[in-house]
Amino acid sequence: MRNFLHRMRGERWEDTEMPGGIAYRLVFNRSDEVTDIILRHMPTYERSNITDVRGSLRIDIRSGRWSEIVEFARSKGDTLQKPFDFHFDRERDRVIYSLDGTTFSILRQSVEEIDERLSSLPGPSN
């Protein structure tokens, strides 16, 4: 279904599975700019806690939200501008998004690797 919606909007995408049980999808618009990152937990992902049940998380690149998350991850939660609804789990070295009692966690190292991939892309997204 998700692929059908991307096609209808004229978007293309690139899926990548990472060690640690995280997968991400970069979504590109018709101008070949990255617009969104969709993070997903694979079945092998070791969840942070019992409420870590959100299967995926979509982040709009153009809003600057991803940059906030990267800065937050690099500072291990000590940044002055904490992204809304995000927390840092020092014990497990993860960024955690929490909404309505459910959470989605991502390893800090995975955030770094995804950001490196974004930086290697041509265009204004880097």
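Rules of the game
Residues numbered from 1 in each chain as written. Predicted model: local features only at pLDDT ≥ 70, side-chain atom pairs only at ≥ 80, totals over all residues. Heavy atoms only, no water. Pairing = 2+ DSSP bridges. Helix = DSSP H or I, 4+ residues; strand = E, 2+ residues; numbered from the N terminus. Axes fitted to C-alpha atoms, helices over the stretch in contact; angles between N-to-C directions. Contact = heavy atoms within 4.5 Å.

## Some thoughts on the sheet that holds strand S7 (residues 102-107)
Item 1. Sheet architecture is open: 3 strands sit in the order S5-S6-S7, paired in antiparallel fashion. Every interior strand has two partners, whereas the edge strands, strand S5 (86-89) and S7, have only one. Direction aside, neighbouring strands of the sheet carry axes that sit 30° apart on average.
Item 2. In the sheet, strand S6 (residues 94-99) pairs with S7 via 6 bridges, with the strands oriented antiparallel. Considered in S7, the bridge of Leu99 is made with Thr102.

## A few points about the sheet that holds strand S3 (residues 34-41)
Item 1. Across the sheet, which stays open at both edges, the 4 strands sit in the order S1-S2-S3-S4 with antiparallel pairing between neighbours. A single partner strand is all that each edge strand has here, and the edge strands are strand S1 (12-18) and strand S4 (56-60). Taken pair by pair, the neighbouring strands of this sheet meet at an average axis angle of 15°, ignoring direction.
Item 2. The strands that helix H2 (residues 65-74) touches are S3 and S4; relative to S4, the one it contacts most, it runs at about 115°.
Item 3. Along the sheet, helix H3 (residues 108-119) contacts S1, strand S2 (22-28) and S3; its crossing angle with S2, the most-contacted strand, is approximately 30°.

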